[in-house]
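# Close look at the chain arrangement
Listed below are the residues making up each chain.
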Amino acid sequence: MAIERKRIGVLFHFSPKWMGGVIYVLNIVKVLDFLQDEDKPEIFLIFNSNLKRFVDELNYPYLHKIERNYPPVYSTFVKSILLRKNLFVDDLINQYKLETIFPLHDFPVKSKPNCKLISWFADLQHLHYPSFFSYTKRAERYLRMQFILKNSNDLVVSSIDVKSDFYRFFTIPKQVNVQVYNFVSIIDKFPTSTKTQVCEEFKLPGNYFVISNQFHKHKNHKVALQAVSRLKKQGKIIHLAITGKLPDDTQSIYVADLRKIIEENDLHNQITFLGVLPRDKQLSIMFHADAILQPSLFEGWSTVIEDAISLQKPVICSNLAVNVEQLKNKGIYFSPHDDEELSELLISRDFSAIATPIYESYEQRVTRAASTLLGILT
């Protein structure tokens with residue numbers, strides 16, 4: 001007898017520049033592959049053409065890859081309100097007979113079709129650090145949240161910390177069910193290159209730490225560079241590898257500040273900027289690092305920490321509530337504004353000698369995440 005599988009639409013139309021959103025959606029599909037075959041839903045992945053290279057890597061057995069031009073957000077939002085119809089999704093529901101759509105953060109009117117529309121919001125960083133956002137971006141986020149809370153029944157967030165923020169900053173209507181889904185890092189192929197091979201390829205010393213973040217101000221690379229500089233003045237030399245696309249100084253005051261720290265303290269031989277790397281290369285660098293640094297001022301749920309957990313690597317991170325929620329007593333914490341505290345941690349132990357496994361097994365984590373996600377979607 002043929003299995004009747006749930007029909008779930010997954011919306012994939014974030015900017016390729018926002019890797020957090022891209023990885024989140026890819027992981028929705030990948031994690032469901034860890035379910036028993038009879039429980040796996042049929043997934044209709046509706047994606048923008050500029051995301052095709054990411055979609056091509058997916059091999060989920062019950063996946064329909066549907067390339068589609070999404071309508072302009074603002075004009076479609078207004079039309080939806082005037083017509084009292086969710087033009088973002090109604091046609092998709094009818095065409096593909098969808099039972100659920102996720103993740104949805106454009107919710108102009110209350111849904112009428114018999115389909116479970118699940119909204120999603122990554123975090124409320126704009127309320128913690130408004131200076132990091134333009135007035136227009138803050139207003140846009142505020143309006144999105146108001147429509148979500150007015151019109152949706154299910155809102156998914158990535159952590160208890162973000163859920164607490166919603167109850168702190170907003171009045172949550174009784175009909176809105178705020179659910180937490182801690183996504184996990186899916187690793188298609190674990191690193192096989194030796195440490196010697198990785199160090200030779202990227203011209204790294206035998207011992208190094210790594211930061212794998214985008215160059216946004218809240219990622220706080222600055223405190224790590226200051227810690228490296230402080231140690232150098234003490235005659236203690238450490239090396240820091242940094243991945244990610246480095247904007248031109250003229251495009252980013254933040255990057256100009258980072259370069260200034262390097263110049264003024266002559267850290268050129270201790271800092272290696274590696275740029276954007278294929279995921280397998282990035283994971284190899286992380287896997288062979290002494291430890292992974294996550295110095296952020298704000299996170300909703302850290303993809304980098306998830307990668308570290310999957311790779312069984314120690315993490316030195318800022319003492320944000322969400323980081324503690326993610327790592328619990330396995331993390332090594334410091335104040336994100338205290339480079340002296342971080343510098344002491346960097347030389348406090350032989351990180352390469354820490355016994356593994358540090359965390360719960362990869363299989364247990366991803367299987368539990370798959371079950372949690374399926375429960376939310378269905």
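What you see is a predicted model, and the numbers here were worked out from it, not measured in a lab.

Below, the discussion takes up the overall build of the protein. When you go through the protein residue by residue, the secondary structure sums to 15 helices and 13 strands. Its C-alpha atoms give the protein a radius of gyration of 22 Å, within 12% of the compact-globule value 21 Å for 378 residues. Each of the three principal axes of the protein carries a C-alpha extent, and together these read 65 × 50 × 35 Å. Within the protein, contacts between residues at least 6 apart in sequence are counted, and of these 67% link residues at least 24 apart. When the accessible surface of the protein is summed, it comes to about 18000 Å², and 51% of that surface belongs to carbon and sulfur atoms. Between the centroid of the 46 positive side chains of the protein and the centroid of its 41 negative side chains there is a distance of 5 Å.

Another aspect to go through is the side chain of Asn151. Within the secondary structure, Asn151 sits in helix 6 (residues 135-151). The class of Asn151 is buried, set by a relative accessible area of 6%. From its side chain, Asn151 meets the backbone oxygen of Phe107 in a polar contact 3.1 Å long.

Pairing of strand 6 (residues 154-157) with strand 7 (residues 177-180), which is carried by 4 bridges, proceeds in the parallel orientation. Directly across from Val157, in strand 7, lies its bridge partner Val180. With helix 7 (residues 160-169) bridging strand 6 and the parallel strand 7, this β-α-β connection has right-handed handedness.

Next up on the list: the environment of Phe121. By the element assignment, Phe121 lies in the loop between strand 5 (116-120) and helix 5 (125-128). For Phe121 and Leu104, which are 17 residues apart along the polypeptide, the C-alpha to C-alpha distance reads 8.4 Å.

Here Ser310 lies in helix 12 (residues 303-311). The exposure class of Ser310 is buried, given its relative accessible area of 4%. Here the side chain of Ser310 touches Ser185 through a polar contact of 3.0 Å, landing on its backbone oxygen. At 3.1 Å, the side chain of Ser310 and the side chain of Arg365 are in polar contact. Those residues in contact with Ser310, other than ones at most four positions away along the chain, are Ser185, Ile187, Phe190, Tyr362 and Arg365.

With respect to the secondary-structure elements, Leu320 resides in the loop between strand 12 (315-318) and helix 13 (321-327). Each C-alpha atom, one on Leu320 and one on Ser296, is 8.3 Å from the other, the two residues being 24 residues apart in sequence.

With that settled, the discussion passes to the packing of helix 8 (residues 195-202) against helix 11 (residues 279-288). Interaxial distance between helix 8 and helix 11 falls to 10 Å at its minimum, and their mutual angle equals 115°. Helix 8 and helix 11 meet at a crossing whose hand is left-handed. Listed contacts from helix 11 to Lys195, Val198, Glu201 and Phe202 of helix 8 are Lys281, Ser284, Ile285 and His288. Broken down by class, the residue content of the contact of helix 8 with helix 11 amounts to 3 nonpolar, 2 polar and 3 charged.

What follows covers the packing of aromatic side chains. Applying the stated criterion across every chain, the model contains 16 aromatic pairs. Ring geometry for Trp18 versus Trp120: centroids 6.0 Å apart, planes at 20°, classification stacked. One end of the pair, Trp18, is in the loop between strand 1 (7-12) and helix 1 (19-32); the other, Trp120, is in strand 5, with 102 residues separating them in the sequence. Site record: aromatic cluster; members linked through ring pairs are Phe14, Trp18, Tyr24, Phe102, Trp120 and Phe183. The ring centre of Tyr62 lies 3.7 Å from the NZ or CZ of Arg5, which sits over that ring. Above the ring of Phe287, the side-chain terminus of Lys313 is found at 6.0 Å from the ring centroid.

Whether parallel or antiparallel, the strands of a sheet pair through hydrogen bonds between backbone atoms. The 6 strands lie next to each other as 10-9-8-11-12-13, forming an open sheet whose pairing is parallel. One side of each edge strand has no neighbouring strand; the edge strands of this open sheet are strand 10 (271-275) and strand 13 (332-334). Neighbour-to-neighbour, the strand axes of this sheet turn through a mean angle of 25°, independent of strand direction. The sheet contacts of helix 14 (residues 339-346) involve strand 8 (209-212), strand 11 (291-294), strand 12 and strand 13, and relative to strand 13 the element is tilted by about 155°.

Ranked by internal contacts, the top residues of the largest apolar core, which has 67 residues, are Phe12, Val31, Leu45, Phe102 and Tyr181. Residues contacting Tyr181, with those up to four places away along its chain left out, are Tyr24, Val31, Val156, Val157, Ser158, Ala369, Thr372, Leu373 and Ile376. Among the nonpolar cores identified, the runner-up in size contains 30 residues, and Ile46, Phe88, Met145 and Phe170 belong to it.

Turning our attention to the pattern of salt bridges. Counted according to the given criterion, the structure contains 19 salt bridges. The salt bridge partner of Glu99 is Lys6, with a shortest N-O separation of 3.7 Å. One end of the pair, Glu99, is in the loop between helix 4 (90-96) and strand 4 (100-104); the other, Lys6, is in the segment before strand 1, with 93 residues separating them in the sequence. Judged by relative accessible area, which is 33%, Glu99 ranks as partly exposed. Residue class for Lys6 comes out partly exposed when judged on its relative accessible area of 41%. Note that Lys195 is salt-bridged to Asp290, the shortest N-O span being 3.9 Å. Of the two residues, Lys195 sits in helix 8 while Asp290 sits in the loop between helix 11 and strand 11, which places them 95 residues apart along the sequence. Exposure remark for Lys195: the relative accessible area of 27% places this residue in the partly exposed category. A relative accessible area of 8% places Asp290 in the buried class.

The rules we used
- Residues numbered from 1 in each chain as written.
- Predicted model: local features only at pLDDT ≥ 70, side-chain atom pairs only at ≥ 80, totals over all residues.
- Heavy atoms only, no water.
- Helix = DSSP H or I, 4+ residues; strand = E, 2+ residues; numbered from the N terminus.
- Rg over C-alpha atoms; globule rule 2.2 N^0.38 Å.
- Contact = heavy atoms within 4.5 Å.
- Areas by Shrake-Rupley, 256 points an atom, 1.4 Å probe, with all protein chains shown as cover.
- Lys, Arg positive; Asp, Glu negative; His and termini not counted.
- Charge placed at Lys NZ, Arg CZ, Asp CG, Glu CD.
- Buried < 20%, exposed > 50% of the residue type's maximum accessible area, 1.4 Å probe, protein only.
- Polar contact = N/O pair within 3.5 Å; in protein donor to acceptor, adjacent residues only side chain to side chain.
- Pairing = 2+ DSSP bridges.
- Right-handed = clockwise from strand over helix to strand, strands pointing away.
- Axes fitted to C-alpha atoms, helices over the stretch in contact; angles between N-to-C directions.
- Left-handed = near helix turned anticlockwise from the far one by under 90°.
- Nonpolar A, V, L, I, M, F, W, Y, C, P; charged D, E, K, R; others polar.
- Phe/Tyr/Trp six-rings, centres within 6.5 Å; stacked < 30°, edge-to-face > 60°.
- Lys NZ or Arg CZ within 6 Å of the ring centre and 35° of its normal.
- Core = buried A, V, L, I, M, F, W, Y, C linked by side-chain atoms within 4.5 Å.
- Salt bridge = Lys/Arg side-chain N within 4 Å of Asp/Glu carboxyl O.

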